[in-house]
Amino acid sequence: MHPRWNQIPPSPPVSTSGDVERSCSAKMQLFKVSIIFVLSAGTSVAIGKEVPSQWLETPTHWRNLAKEAILSKERQGPLEAVAKNGIFFIGDGMGLTSVSAARVFKGQRDDGARFGEESSLHMETFPYSGLSKTYCLDTQVADSSCSATAYLCGIKARFATAGLTPGVLFADCRGQNNTDLHVSSIVEWAQREGKSTGVVTSGRVTAIPGAANWAGIARRSWETDADVAEWGMNPEVCPDTGIQLLRKEAGQRLNVLLGGGRHRLTPVEKIDQETNSPGKRTDGRNIAEEWLVMKEGQTGTARYITGRDELMGLNVLEVDHLLGSFAMSELPWSDELERNNDPTMTEMVAVAIKILNKNPNGFFLFVHGSKIDSAHHSNRPGRALREIVEFDKAVKTGDEMTDDQDTLIVVSADHSHTMGYSGYNVRGNPILRHSIIPADDGFVFSTLNYANGPGPAWTNPDTGLRHNVLLDNTTNPNYELPVPVPLFSEAHSSEDVPIFAKGPYAHYFAGVQEQSSIPHLIAYALCVGDGLKNRHCIPSDETTTENLDPTTTPSSAPAHGLVYYLVLLTIFTIFHGRG
Ligand SMILES: *[C@@H]1O[C@H](CO)[C@@H](O)[C@H](O)[C@H]1NC(C)=O
Ligand SMILES: *[C@@H]1O[C@H](CO)[C@@H](O)[C@H](O)[C@H]1NC(C)=O
Ligand SMILES: [Zn+2]
């Protein structure tokens with residue numbers, strides 16, 4: 001608590017003119033006195049607004065919750081078994097503050113909660129959580145690209161590059177051309193063990209982070225040949241993420257790819273029927289059509305779709321490969337999807353799981369909630385919180401469609417944003433509104449605030465007075481908060497982001513992790529990749545020793561080691577030299 005709240009408030013700043021300001025100052029003093037009363041007397045009286053005692057939880061309530069927390073740990077315990085399936089959700093820009101605020105928003109809007117603070121997002125019900133350190137190899141604060149290299153490929157690399165080692169500099173076309181400097185992703189590791197794989201995003205299908213699962217790209221925006229050429233580079237030398245979807249093995253083997261970005265899949269000569277606008281590629285290539293042709297050479301049926309109706313009408317039993325690109329660029333905001341015949345994240349995730357789940361070897365699905373980040377960048381907290389709640393519904397669906405015993409679900413973020421959540425408001429104060437206590441300038445301040453961005457100016461240049469948020473319609477989802485530092489796009493933040501985990505080896509995610517450890521931890525649970533293997537990875541009936549459970553026979557570890565070595569050697573031999 002700020003010490004000033006415990007002191008007699010200082011004199012208000014000298015008012016230069018007018019009754020309005022004087023009355024503000026007077027109110028301010030009254031409010032300060034009130035809050036001092038609240039804090040020192042410990043009652044629930046605040047600014048003439050009293051929370052009735054019968055509305056507030058009793059001490060017994062909190063003790064029972066704690067008991068339930070302990071009992072649920074006793075019941076569940078850590079699960080150490082092979083994860084057949086993995087689902088990895090990334091909420092773009094979904095930092096800790098965003099999660100806290102979204103929980104209150106959901107409680108107040110959807111849950112019928114008395115106050116909202118007591119609500120939970122589905123991801124918050126996961127039994128284990130940890131923190132992820134998101135900085136890039138060469139920058140203090142991450143972008144969504146270097147972070148993708150970390151949480152998908154397992155190494156930290158350079159800002160705005162993806163799927164490449166630090167040996168490749170930003171926009172280093174020749175570096176990208178050197179395949180020795182490419183790194184493989186968790187999607188590729190899962191494919192090598194015979195798992196089906198999918199990528200679902202509310203952004204463009206060719207955009208990073210999703211594309212980092214198959215592509216190595218020296219500049220994250222190189223999604224078409226035109227993007228590469230625009231930067232003065234030769235697309236033949238450093239192909240875009242769309243071309244790499246067709247050329248790189250992880251792209252070729254990807255079963256499901258759903259999102260937006262149709263513009264970047266098609267050439268300028270092709271006019272899109274839905275939007276009557278041309279594609280972006282200048283090399284005449286149509287990635288979607290070529291993808292279908294490529295898939296004809298693989299077993300199973302492939303489909304390319306562009307509308308929600310097609311997605312919902314799909315017979316998942318008959319489809320094994322699915323490319324869906326539902327919008328020209330990013331998908332619209334969640335409340336604008338229906339009228340555009342675009343699917344929700346939940347709908348995309350549900351269809352993806354149904355298709356991928358047909359594989360007896362299991363699957364790995366990467367899900368990217370792109371719109372949270374877009375909202376924060378434009379200083380729209382209402383949008384950001386709505387998008388987190390939508391994203392959370394997809395998490396819930398993924399959880400409900402799979403078995404906790406054989407499916408590891410991990411939910412995290414790539415980086416955070418500057419949004420803060422402050423002020424000593426009365427319990428249940430609408431999260432998108434403002435403080436009851438005015439600041440020292442006599443004006444109230446919003447509960448959520450950004451440090452910078454494109455929102456309106458913090459201070460009115462004509463009057464010198466701070467923007468009066470009291471007059472703003474903060475329930476409008478497009479409402480932009482005023483900001484103290486003008487910036488064309490609100491900047492990412494480097495506060496740690498949460499990791500929520502459930503299923504086999506979920507407890508390994510606890511603690512503070514380097515972001516680059518996350519895919520290795522997933523791989524450990526799934527028995528994929530060439531890193532460390534968990535003790536359950538080799539089924540005991542494939543070995544000759546009677547008892548290979550290391551918990552009862554520690555001496556069996558070397559036998560395990562030999563088997564793993566041989567498996568690794570085989571994998572290495574099979575895959576060595578492939579792009
Ligand atoms: C790109 O890589 C290929 C294959 O390694 C090589 O032959 C070619 O010279 C490289 N091009 C450039 C411009 O470095
Ligand atoms: C505030 O915005 C919401 C959502 O756009 C709208 O429904 C409402 O009428 C607006 N309220 C006022 C007072 O303008
Ligand atoms: Zn961003």
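- Identification of the chain as Alkaline phosphatase from Folsomia candida is taken from an unreviewed UniProt entry.
- Under the UniProt heading Sequence similarities (unreviewed entry), the entry covering the chain gives this text: "Belongs to the alkaline phosphatase family."
- Among the UniProt annotations of the chain, the heading Catalytic activity (unreviewed entry) holds the following wording: "a phosphate monoester + H2O = an alcohol + phosphate".

**Observations concerning the confidence of the model for the chain**
Thought 1: For the chain, the mean per-residue pLDDT works out to 88, and 84% of the residues sit at or above 70.
Thought 2: Mean pLDDT across the elements of the chain bottoms out in helix α1 (residues 19–41) (38) and peaks in strand β9 (residues 363–369) (99).
Thought 3: A low-confidence stretch, residues 1–48 stays under pLDDT 50, and its non-local contacts, those more than four residues away or across chains, total 45 contacts.

**A look at the UniProt feature "binding site: Mg(2+)" (unreviewed entry) in the chain**
Thought 1: According to UniProt, the positions carrying the feature "binding site: Mg(2+)" (unreviewed entry) are D92.
Thought 2: Note that D92 resides in the loop between β3 (85–91) and α3 (96–109).
Thought 3: Beyond its immediate stretch of four places on either side in the chain, D92 contacts S144, H368, G369, S370, I372, D373 and D414.

**Here's the deal with the nonpolar core**
Thought 1: Core analysis: the biggest nonpolar cluster contains 114 residues, and A352, L365, V410, I522 and L526 have the highest contact counts within it.
Thought 2: Per-element tally for this core: the top contributor is helix α12 (residues 345–356), with nine residues.
Thought 3: Residues lining this core come from more than one domain, with at least three contributed by each of domain 1 (3–50 + 420–486) and domain 2 (85–418 + 491–526).
Thought 4: In this view, I522 contacts G86, F88, I186, L408 and V410; residues no more than four positions away in its chain are not counted.
Thought 5: Formed by five residues, the second largest nonpolar core is a distinct cluster that contains F326, A327, M328 and L337.

**Focus on the packing of α12 against helix α14 (residues 381–400)**
Thought 1: It is at 8 Å that the axes of α12 and α14 come closest, and there the two elements cross at 25°. Comparing the axis directions of α12 and α14 gives the class roughly parallel. Crossing of α12 over α14 shows right-handed handedness. Where α12 approaches α14, its residues M345, T346, V349, A350 and I353 are matched on the opposing element by E390, F391, K393, A394, T397 and G398.

**Notes on helix α2 (residues 59–76)**
Thought 1: Along its 18 residues, α2 runs 26 Å from first to last C-alpha, staying within 8% of the 26 Å computed at 1.5 Å per residue.
Thought 2: Sparse coverage of α2 is indicated by the burial of zero of its 18 residues.
Thought 3: Positive phi appears at G77, one or two residues downstream of α2, with a value of about 65°.

**Considering unusual backbone geometry**
Most peptide bonds take the trans form, and the phi angle of most residues other than glycine is negative.
Thought 1: Looking along the chain, the bond that leaves I208 and enters P209 is cis, with omega of 20°.
Thought 2: Relative to the helices and strands, P209 is located in the loop between β5 (196–204) and α7 (225–230).
Thought 3: Even without being glycine, A171 reaches a positive phi, approximately 60°.
Thought 4: Its place among the elements puts A171 in the loop between α4 (146–153) and α5 (173–177).
Thought 5: Even without being a glycine, N379 presents a positive backbone phi close to 60°.

Criteria and cut-off values
- Numbers given for residues are sequential positions, taken from 1 along each chain in its written order.
- As they are written, the chains are lettered A onward and the ligands numbered 1 onward, keeping that order.
- Local features in this predicted model are restricted to residues of pLDDT 70 or higher, and side-chain atom pairs are both shown and tallied only at a pLDDT of 80 or more, whereas totals for entire chains, interfaces and linings draw on every residue.
- UniProt positions are given in the numbering used here, feature names are shortened, and annotations may be inferred rather than shown by experiment.
- For every residue, the predictor assigns a confidence score, pLDDT, that lies between 0 and 100.
- By definition, any uninterrupted DSSP run of H or I lasting at least four residues is a helix, any uninterrupted run of E lasting at least two residues is a strand, and each is numbered from the N terminus.
- Any residue pair is listed as a contact if its two C-beta atoms, each placed from the backbone, are within 7 Å.
- To form a nonpolar core, buried Ala, Val, Leu, Ile, Met, Phe, Trp, Tyr and Cys residues must be joined through C-beta atoms within 7 Å.
- Neighbour density around each residue's C-beta defines its exposure: 20 or more other C-beta atoms within 10 Å make it buried, 12 or fewer make it exposed, and counts between make it partly exposed, where C-beta atoms are placed from the backbone.
- Boundaries of every domain are those given by an automatic assignment or by a domain database.
- Here the axes come from fitting lines to C-alpha atoms, over the contacting stretch only for helices, and the angles between their N-to-C directions go from 0 to 180 degrees.
- An angle below 35 degrees is treated as roughly parallel, one above 145 as roughly antiparallel, one from 65 to 115 as roughly perpendicular, and anything else as oblique.
- Should the near helix be turned counterclockwise from the far one by less than a right angle, the crossing is left-handed, whereas a clockwise turn marks it as right-handed.
- Here, expected helix span is obtained from the residue count minus one, scaled by 1.5 Å.

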